[in-house]
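So you can see what is in the structure, the chains are spelled out below.
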Amino acid sequence: MAEMTVLVIGSGAREHALARSLAADPAVAGVWVAPGGPGPAAEPGVLGCLPVDPCDGDAVAALAAELGADLVVIGPEAPLVAGVADAVRASGVACFGPSAHAAELEGSKAFAKQVMAAAGVPTAMARVCTTTEEVADALDQFGAPHVVKDDGLAAGKGVVVTGSREEALAHAAACLERPGAQVVVEDFLDGPEVSLFVLSDGTSVVPLAPAQDSKRALDGDEGPNTGGMGAYSPLPWAPAGLVDEVVATVAQPVIDEMRRRGTPFAGVLYCGLALTSRGVRVVEFNARFGDPETQVVLARLRTPLAGLLHACATGRLQSHLDDVGPLRWSSGAAVVVVLAAPGYPAATRTGGLVEGAGAGAGDEAAWVLHAGTELDAEGRLVSSGGRVLSVVGSGSDLGSARAAAYGRLASVALEGGHSRTDIARAAAEGAVVAS
Ligand code: GLY
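Residues numbered from 1 in each chain as written. Predicted model: local features only at pLDDT ≥ 70, side-chain atom pairs only at ≥ 80, totals over all residues. Heavy atoms only, no water.

Participant: Tell me about the overall build of the protein, residues and numbers included.
Facilitator: For the protein, the helix and strand inventory stands at 15 helices and 24 strands. When the 435 residues of the protein are sorted by exposure, 56% land in the buried category. A separation threshold of at least 6 residues defines the contact pool for the protein, and within that pool the share at least 24 residues apart is 68%. Carbon together with sulfur atoms contributes 52% to the accessible area of the protein, which is approximately 16200 Å² in total. (Helix = DSSP H or I, 4+ residues; strand = E, 2+ residues; numbered from the N terminus. Buried < 20%, exposed > 50% of the residue type's maximum accessible area, 1.4 Å probe, protein only. Contact = heavy atoms within 4.5 Å. Areas by Shrake-Rupley, 256 points an atom, 1.4 Å probe, with all protein chains shown as cover.)

Participant: How would you sum up the side chain of D422? Please name residues and give values.
Facilitator: Tracing the sequence through the fold places D422 in the loop between strand 24 (413-414) and helix 15 (425-428). For D422, the residues in contact, after removing those within four places along its chain, are D219, G220, D221, R402 and Y406.

Participant: Help me get a handle on the packing of helix 12 (residues 305-313) against helix 13 (residues 317-324), residues and values and all.
Facilitator: Taken N-terminus to C-terminus, the directions of helix 12 and helix 13 make an angle of 150 degrees; their axes are 8 Å apart at the nearest point. Classified by the angle between their axes, helix 12 and helix 13 sit roughly antiparallel to one another. Residues G307, L308, A311 and C312 of helix 12 lie in contact with helix 13, whose contacting residues are L317, H320 and L321. Of the residues that constitute the contact of helix 12 with helix 13, the class distribution is 5 nonpolar, 2 polar and no charged. (Axes fitted to C-alpha atoms, helices over the stretch in contact; angles between N-to-C directions. Parallel < 35°, antiparallel > 145°, perpendicular 65-115°, else oblique. Nonpolar A, V, L, I, M, F, W, Y, C, P; charged D, E, K, R; others polar.)

Participant: Before we move on, could you go through the pairing of strand 2 (residues 28-35) and cite the residues and values that matter?
Facilitator: Across 7 bridges, strand 1 (residues 4-10) lies against strand 2 in parallel orientation. Looking at the pairing, M4 lines up with V28 of strand 2. In terms of strand pairing, strand 2 meets strand 3 (residues 46-49) through 3 bridges, oriented parallel. Within strand 3, the position partnered with V31 by the bridge is V46. (Pairing = 2+ DSSP bridges.)

Participant: Could you give an account of the pairing of strand 16 (residues 266-276), with specific residues and numbers?
Facilitator: Across the 11 residues of strand 16, 11 count as buried, placing the element largely inside the fold. Where strand 10 (residues 193-201) and strand 16 come together, 9 bridges link them in antiparallel fashion. Bridging across to strand 16, F197 finds its partner in Y270. Counting the residues in the hairpin turn of strand 16 and strand 17 (residues 279-286) gives 2 residues.

Participant: Residue-level account of the site of the ligand, with values.
Facilitator: Neighbouring the ligand are the residues D213, K215, G227, Y270, N286, R288, G290, D291, P292 and E293. Here a nitrogen atom of the ligand sits 2.7 Å away from a polar atom, N or O, in the side chain of D213. Note that a nitrogen atom of the ligand is positioned 2.8 Å from one of the side-chain N or O atoms of E293. For the ligand, the accessible surface in isolation is 200 Å², of which the surrounding protein chains cover 90%. When its residues are assigned to classes, the shell around the ligand shows 2 nonpolar, 3 polar and 5 charged. (Near = heavy atom within 4 Å. Polar contact = N/O pair within 3.5 Å; in protein donor to acceptor, adjacent residues only side chain to side chain.)

Participant: Can you tell me about the packing of helix 7 (residues 109-119) against helix 10 (residues 242-260), naming the residues and giving the values?
Facilitator: At their nearest, the axes of helix 7 and helix 10 sit 9 Å apart, and the two run at 105 degrees to each other. In terms of orientation, helix 7 lies roughly perpendicular with respect to helix 10. Across the interface between the two elements, F111, V115, A118 and A119 from helix 7 touch P253, V254, E257 and M258 from helix 10. In terms of residue class, the contact of helix 7 with helix 10 is built from 7 nonpolar, no polar and 1 charged.

Participant: Could you give an account of the state of the cysteines, naming the residues involved and the relevant values?
Facilitator: Taken as a whole and assessed by the stated rule, the structure comprises 0 disulfides. Sulfur of C175: no disulfide; nearest cysteine sulfur belongs to C129 and is 11 Å away. For C175, a relative accessible area of 5% gives the class buried. (Disulfide = S-S within 2.5 Å.)

Participant: Explain the packing of aromatic side chains residue by residue, including any values.
Facilitator: In this structure the tally under the stated criterion is 3 aromatic pairs. Centre to centre, the rings of F96 and F289 are 5.9 Å apart; their planes meet at 25 degrees, and the pair counts as stacked. Here F96 is found in strand 5 (residues 94-96), whereas its partner F289 is found in the loop between strand 17 and helix 11 (293-300), with 193 residues between them in sequence. For the pair F96 and F289, a shared accessibility class is recorded, and that class is buried. The exposure class of F289 is buried, given its relative accessible area of 3%. By way of ring pairs, the aromatic residues F96, F197, Y270 and F289 are connected into one cluster. Of note, R20 hangs over the ring of W367, and the distance from its end group to the ring centre comes to 4.2 Å. (Phe/Tyr/Trp six-rings, centres within 6.5 Å; stacked < 30°, edge-to-face > 60°. Lys NZ or Arg CZ within 6 Å of the ring centre and 35° of its normal.)

Participant: Please provide a residue-by-residue account of the nonpolar core, values included.
Facilitator: L7, V72, L105, Y232, F285, V335 and L389 are the most contacted members of the largest nonpolar core, which totals 73 residues. For this core, the element with the highest residue contribution is helix 10, accounting for 8 residues. When residues no more than four places from it in sequence are discounted, the contact partners of L105 are F111, A112, V115, V254, M258, F265, L269 and F285. One finds A17, F96, F197 and L309 within the second-largest nonpolar core, a separate group that totals 44 residues. (Core = buried A, V, L, I, M, F, W, Y, C linked by side-chain atoms within 4.5 Å.)

Participant: Give a description of the side chain of D187 that names residues and reports values.
Facilitator: Looking at the element boundaries, D187 is found in the loop between strand 9 (183-186) and strand 10. Despite its burial, D187 pairs with no opposite charge; the closest candidate is R278, at 4.9 Å N-O. If we ignore the near neighbours within four places in the chain, the residues touching D187 are A124, M125, F142 and V147. (Lys, Arg positive; Asp, Glu negative; His and termini not counted. Salt bridge = Lys/Arg side-chain N within 4 Å of Asp/Glu carboxyl O.)

Participant: Explain the sheet that holds strand 2 residue by residue, including any values.
Facilitator: Overall, parallel pairing links the 5 strands, which are arranged 3-2-1-4-5 in an open sheet. The open sheet has two free edges, formed respectively by strand 3 and strand 5, since each of these has just one partner strand. Direction aside, the axes of adjacent strands within the sheet are offset by 20 degrees on average. Packing of helix 3 (residues 57-67) onto the sheet brings it into contact with strand 1, strand 2 and strand 4 (71-74), and relative to strand 1 it is tilted by some 155 degrees. In the packing of helix 12 onto the sheet, contacts are made with strand 1, strand 2, strand 4 and strand 5, and the angle to strand 5 comes to roughly 110 degrees.

So, in structure tokens, the structure goes:
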């Protein structure tokens, strides 16, 4: 399809990255973002940002119709689980994002475990618990380190991995306070983690380049879990054949199982993996692009994005791939570093002045993608969320991409803001080992 108009739903740095890549596709006439923010609004090729409740399917469908959108791309998980993709499709507009039923792969950890069991996908042993007594028993069965996951969506706060039985029990008890809640207690998976995004139209699949994110708040993977403080791609340490193995043993079987159940999964299946001493295991699935991994994966993708996502949304992925050939990637590297607000993640303080965060159009080596930013009454850029922005650096290798990202980050100022200083360092130094 020539001259597509695309509407991206969401307001994070992931959606800013999606809008930037979609706008760079020659088949795209223009991109709208809703609700977006000051970052995507200033991005070349973005026509503007418009207010909408991302979880209101009727409102999103009406906005798509008003804009004459040919494709809606839904970024975050909450609208997917709320059925926004179903509402957009029902209105006759192509939508990249799974149905509410299919998004349960992310919306319920227990459901994802059932699907994996049915599809023969390797994952951690787990028990679904509804009482603290069951949790205590499961913690003792699996031993430390303890892994306790809220069954439902928890905006990045649902998973606790800890050596402390008390902390694990306290997290489970807090989750179980909600009526009808359940938690999943799992065996701990050792080994480095990999995020692999696999695009699908419900039948065919195509993997993107793998990335690794850093979820802990502090250097050295210390501190509390966050939504993600940085990421990099490629993974020079990953075993040859990893992507093919994950497609064959994880992604395609899950896509086939979802179709068999009558709830086909069309969108991006985010495979969160651990490369354990016993082989590849699924840590979790998400039903959307990861943040911040998307920022580095898209920085390296050379195949136009809009055509790919439109083909997934319209059941034509294989014929599109037959037309465009294998996905093309930059041979270089990309590193993203997140700048977080003071107090993030436990007690985020917003409203701080953000300086030096112009989107960096025209800068090939490094650019800024906005997440938690807004303009105040005087038109100044201020922080409005925990993860304030992402700085992406690209280069011929991880070392130069790191230098580009951290060099650009040094010119951004946010009082009390914090970021990790070690994103991709171990990989750049050849110090990551996969068994
Ligand atoms: N980076 C982790 C996530 O997107 O869930």
